[in-house]
Amino acid sequence: MRKRCIKKLKGIEIILAVGVFILTLGWAGFIWAKEKEPYKIGAIFAITGSASFLGEPEKNTALMIEEMINARGGINGHPLKLIIEDTAGDEAKAVNAVKKLIYRDKVLAIIGPSRSGTTMAVIPIVEKEKVLLVSCAAAEAIVSPVKKWVFKTPQKDSDAARKIYEYMRKKGMSKVAIITGTTAFGAQGRKWLKKLAPEYGMKIVADETYGPKDTDMTAQLTRIKATDAEAIVNWSIVPAQSIVAKNMRQLNMNIPLFQSHGFGNIKYVEAAGDAAEGIIFPAGRLLAVDTLPDDHPQKDILAWYKKMYEDRYKEDVSTFGGHAWDALWLVINALEEAGPRPEAMRKNIEYTKEFVGTGGIFNFSPEDHNGLTKDAFELLVVKGGKFVVLGED
């Protein structure tokens, strides 16, 4: 069993060591690395469009890692060359981008896409061409059933649903309304919310949906208000997460609002304003790193990534950038250990154990191409316009 992590140094030692190394040896490392052919890795993110809250931090994170790797001398002496494509969250654009990366650019692997629907659209291509794909999208259908060449770094949406239902049951709730987007991510969330409800003693008293371009959910929420729902779960990405909260406020709906793990960007809170206060959602520990004990196995990596990202880009870190961090480091580790051999790289990730990432501690296997469990989640709540760990009260 191989234990995997990004660095053996801890905490401030990592930050100082990397900073000094880049400043003093960066140019020398570049000269050394440029003598060898670059290792080309593709990256496809929703950098523009309605899903840019996902893709922009993913792109930023990938570029930051590329610079870091090349400053230290590359991967086994080979410079890392990222070729980044913008899908704008569109499935056709994602397919065209993947074909370009495979057939024209001859990349060794691809990280992304940002969205579940775009990931599902490109899976047949990477499977046929035997190109490693590490997705930054969340839907469990991406890796279940297992696809030989496809992995993903976000936590399972079934585990997100379990985390929400566990809390509801603990608080004595049993009647829930669900409202979900019709995207692939929303549809998968709806499937798990309905499937798991009986297991947790939940009765779904309303089941509403909306399209990805809808800008008002008042009609759906009015129907929910007429029921005896004790809480609402909204499962979607992009602007709808803020719109549902604002519409609930306008309708004077005072029951708790739960969101999916797709809520992990503070920009959604800013867009919803005061209506976001009290929203509860499952997320990885990146957004609550300051609350972790010093001996938590993820704390060093989370603090390192958060500091580097926020210092460089002058904006709050998000779980979505973290998905790209995990995906690219998995590929880099595979290249370092297995070399530029597609099947060897794929197997390297498939047998990776105890990889400490932002999303959790990953343990992959031939039967599990996500490598995370429900324990990768914490429940967070919006308090004072910020994300904080939900207390027991």
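Cut-off values and rules
Residues numbered from 1 in each chain as written. Predicted model: local features only at pLDDT ≥ 70, side-chain atom pairs only at ≥ 80, totals over all residues. Heavy atoms only, no water. Helix = DSSP H or I, 4+ residues; strand = E, 2+ residues; numbered from the N terminus. Rg over C-alpha atoms; globule rule 2.2 N^0.38 Å. Buried < 20%, exposed > 50% of the residue type's maximum accessible area, 1.4 Å probe, protein only. Contact = heavy atoms within 4.5 Å. Areas by Shrake-Rupley, 256 points an atom, 1.4 Å probe, with all protein chains shown as cover. Pairing = 2+ DSSP bridges. Axes fitted to C-alpha atoms, helices over the stretch in contact; angles between N-to-C directions. Phe/Tyr/Trp six-rings, centres within 6.5 Å; stacked < 30°, edge-to-face > 60°. Lys NZ or Arg CZ within 6 Å of the ring centre and 35° of its normal. Parallel < 35°, antiparallel > 145°, perpendicular 65-115°, else oblique. Left-handed = near helix turned anticlockwise from the far one by under 90°. Nonpolar A, V, L, I, M, F, W, Y, C, P; charged D, E, K, R; others polar.

**Q** I'd like to hear about the overall build of the chain, residue by residue, with values.
**A** The number of helices and strands found in the chain is 12 helices and 16 strands. Over its C-alpha trace the chain gives a radius of gyration of 21 Å, about what one expects of a compact globule, namely 21 Å for 393 residues. Seen through its principal axes, the chain has C-alpha atoms that stretch 70 × 45 × 35 Å. Per-residue burial over the chain gives 58% buried out of 393 residues. Restricting the contact set of the chain to residue pairs at least 6 apart, pairs at least 24 apart contribute 69%. By element, 53% of the accessible surface of the chain is carried by carbon and sulfur atoms, the whole surface being about 15900 Å².

**Q** Hey, could you go over the environment of L286 for me, with residue numbers and the actual values?
**A** Structurally, L286 is set in the loop between strand 11 (280–283) and helix 10 (299–313). Taking the C-alpha atoms as reference points, L286 and S52, 234 residues apart in sequence, are found 20 Å from one another. The residues contacting L286, other than those within four sequence positions of it, are L302, Y305, K306, V317, S318, T319, G322 and T358.

**Q** How would you summarise the sheet that holds strand 2 (residues 39–45) if you had to cite specific residues and measurements?
**A** Taken together, 5 strands build an open sheet; the order of strands is 3-2-4-5-6 and the sheet is parallel. Each having just a single partner strand, strand 3 (80–86) and strand 6 (150–152) make up the two edges of the open sheet. Each strand of the sheet is rotated relative to its neighbour by a mean of 20°, with strand direction disregarded. Pairing between strand 2 and strand 4 (residues 109–111): 3 bridges, direction parallel. Paired with I41 across the bridge in strand 4 is A109. Packing of helix 2 (residues 52–71) onto the sheet brings it into contact with strand 2, strand 3 and strand 4, and relative to strand 3 it is tilted by some 165°. Along the sheet, helix 12 (residues 342–350) contacts strand 4, strand 5 (132–135) and strand 6; its crossing angle with strand 5, the most-contacted strand, is approximately 35°.

**Q** Give me the packing of aromatic side chains: which residues, what numbers.
**A** Under the definition given, this model contains 16 aromatic pairs. Centre to centre, the rings of F263 and F387 are 6.1 Å apart; their planes meet at 65°, and the pair counts as edge-to-face. Separated by 124 residues along the polypeptide, F263 in the loop between strand 10 (257–259) and helix 9 (266–272) and F387 in strand 16 (residues 386–389) bring together distant segments of the chain. Accessibility expressed as a relative area gives 0% for F263, which makes it buried. Look at F387 and you get buried, because its relative accessible area is 12%. The structure contains a cluster of three or more aromatic residues connected by ring pairs, namely W304, Y305, Y309, Y313, W325 and W329. The ring of W149 has R346 lying over it, and the distance from NZ or CZ to the ring centre is 5.7 Å.

**Q** Now, about unusual backbone geometry: what can you tell me, with residues and values included?
**A** Trans is the common state for peptide bonds, and a negative phi is the common state for residues other than glycine. Cis peptide bonds are those with omega within 30 degrees of zero, and the linkage from G112 to P113 qualifies with 0°. A cis geometry characterises the amide bond from S144 onward to P145, with omega recorded as 5°. Along the polypeptide, P145 turns up in the loop between strand 5 and strand 6. Despite not being glycine, K314 has its phi angle at roughly 55°, a positive value. In this fold, K314 is placed in the loop between helix 10 and helix 11 (319–338). Residue K314 is classed as exposed on the basis of its relative accessible area, which comes to 68%.

**Q** A description of the packing of helix 11 against helix 12 should follow, citing residues and the corresponding values.
**A** Relative orientation of the contacting elements helix 11 and helix 12 amounts to 120°, with a least axis distance of 9 Å. Relative to helix 12, the element helix 11 lies oblique. Note that helix 11 runs across helix 12; the crossing there is right-handed. Contact residues: L330, V331, N333, A334, L335, E337 and A338 in helix 11; A344, M345, N348 and I349 in helix 12. When its residues are assigned to classes, the contact of helix 11 with helix 12 shows 8 nonpolar, 2 polar and 1 charged.

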